[in-house]
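# A closer look at the structure
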Amino acid sequence: MGIGAMIRDFNGNIYVATKLRGHFTAHAAQCLAIREGTHFAIQHGFMVSVVESDSGVLSTQTS
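Anyway, here's the lowdown on the structure attached to this text.

How each quantity is defined
Each chain carries its own residue numbering, running from 1 in the direction its sequence is written. Only residues with pLDDT of at least 70 are given local features in this predicted model, and only at 80 or more are side-chain atom pairs given and counted; all residues enter the totals for whole chains, interfaces and linings. Water and hydrogen atoms play no part in the side-chain values, which are based on all heavy atoms of the structure. Stacked, edge-to-face and tilted are the three classes for Phe, Tyr and Trp ring pairs, Trp counted by its six-membered ring, which pair at centre distances within 6.5 Å; planes under 30 degrees apart are stacked, over 60 edge-to-face, the rest tilted. Helix and strand assignments follow DSSP, with helices taken as H or I runs no shorter than four residues and strands as E runs no shorter than two, numbered in order from the N terminus. In this analysis, strands are considered paired if DSSP registers two or more bridges between them.

Further remarks concern the packing of aromatic side chains. Counted under the stated rule, the structure contains 1 aromatic pair. A ring pair is formed by Tyr15 and Phe46, whose centres lie 6.1 Å apart and whose planes are at 55°; its orientation type is tilted. Remark: Phe46 occurs in the loop between α1 (26-43) and α2 (56-62) and Tyr15 occurs in strand β2 (residues 14-21); sequence separation between them is 31 residues.

The next thing to look at is the pairing of strand β1 (residues 2-8). As judged from the 7 bridges shared by β1 and β2, these two strands associate in the antiparallel manner. Within the sheet, the bridge partner assigned to Gly4 lies in β2 and is Lys19. Counted along the chain from β1 to the antiparallel partner β2, the turn is 5 residues long, and its residue Gly12 has a positive phi close to 90°.

Structure follows, in structure tokens:
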């Protein structure tokens, strides 16, 4: 088990993907995926303009 994140351009093309192994609650996994994915993107020179998640809980908490 674990989490995954990918970096895509505005056309949906995937540039890179990463994963983190471990056992997490669903909420923790969503938070970690966003944090680690954003950090990974910035480290590799990408400008983060949009972060998407399928988590209704996170969408509600950040709105």
